[in-house]
Amino acid sequence: HLIALGHRNIAYISTDRGVSLSFSVKSRFNVFCDCCRKEGIEPQIVVCKVDHDGHYQIGDVVTQLMSLPQMPTAIACQEDGIALPLMFQLERNGFSVPGDVSLIGYDDSFYTGDIGLTTIRQDPVEMARVAARMTLDLIDEKPIEQPYIVFPAQLKVRSSTSRVK
């Protein structure tokens, strides 16, 4: 989506914490980087530290972004929990979203629609149903035809992304 809008200077914000679904987070990161590189874009990776209480250090992320040789025109975040506070921190530091920087998250969290964050949505309820059915089949010692299932994601375009200026 960001590349289709003309962005070539793209950053990706990830966390430094271990998450229970790290395979999903790593896969998301790898696919994002592969897509960028296929278009001749080397994304700038910025790591968002998490404190002992689990709070994202978004101020440090803004400092890292502003310290780059050139401010990215687009930022993709590992999850909406980073993107939402980042949107406000960018604006507090004089950047317009999406005027100066397009921003995209992942998860389609509760407030993303109200705030206008472009994000990627999965269907966690359907994923849980399938996982529960597979678990019951395993308990009943039935064979699992597809032990690994990739669920489609859906882009929810809202007001935090625009064409590069």
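Our subject is the structure listed above.
What comes next concerns the included structure. (Residues numbered from 1 in each chain as written. Predicted model: local features only at pLDDT ≥ 70, side-chain atom pairs only at ≥ 80, totals over all residues. Heavy atoms only, no water.)

**Brief notes about helix 2 (residues 58-67)**
Thinking step 1. Residues Ile58, Val61, Val62 and Leu65 constitute the buried set of helix 2. Looking straight down helix 2, one finds its buried side chains confined to an arc of 100°; they lie on one side.
Thinking step 2. Looking at the buried residues of helix 2, the elements they touch are strand 1 (10-15), strand 2 (44-48), strand 3 (74-77) and helix 3 (80-92). (Buried < 20%, exposed > 50% of the residue type's maximum accessible area, 1.4 Å probe, protein only. Helix = DSSP H or I, 4+ residues; strand = E, 2+ residues; numbered from the N terminus. Arc of directions from axis to C-beta. Contact = heavy atoms within 4.5 Å.)

**Quick word on the packing of aromatic side chains**
Thinking step 1. Counted according to the given criterion, the structure contains three aromatic pairs.
Thinking step 2. With a centroid separation of 5.3 Å and 65° between ring planes, the pair formed by Tyr12 and Phe29 is classed as edge-to-face. With a gap of 17 residues between them, Tyr12 in strand 1 and Phe29 in helix 1 (residues 22-38) connect regions that are remote in the sequence.
Thinking step 3. Taking the relative accessible area as the measure of exposure, Tyr12 reaches 3% and is therefore buried.
Thinking step 4. Relative to Tyr111, the ring of Phe110 lies with its centre 4.7 Å away and its plane at 85°, an arrangement referred to as edge-to-face. (Phe/Tyr/Trp six-rings, centres within 6.5 Å; stacked < 30°, edge-to-face > 60°.)

**Some remarks on the environment of Phe95**
Thinking step 1. Locating Phe95 in the fold gives a position in the loop between helix 3 and strand 4 (102-104).
Thinking step 2. Among the residues examined, Phe95 registers a relative accessible area of 18% and is labelled buried.
Thinking step 3. Apart from the residues within four sequence positions on either side, Phe95 is in contact with Met66, Met71, Leu90, Asp100 and Val101.

**So, unusual backbone geometry**
Thinking step 1. Across the junction of Val97 and Pro98, the peptide omega takes the value 10°, indicating a cis bond.
Thinking step 2. Residue position: Pro98 is located in the loop between helix 3 and strand 4.
Thinking step 3. With phi around 130°, Asp107 is a residue other than glycine that occupies positive phi space.
Thinking step 4. On the secondary structure map, Asp107 appears in the loop between strand 4 and helix 4 (112-115).
Thinking step 5. The class of Asp107 is partly exposed, set by a relative accessible area of 35%.
Thinking step 6. In this structure, Glu141 takes a positive phi of about 60° despite not being glycine.
Thinking step 7. Among the structural elements, Glu141 can be located in the loop between helix 5 (124-139) and strand 6 (154-156).

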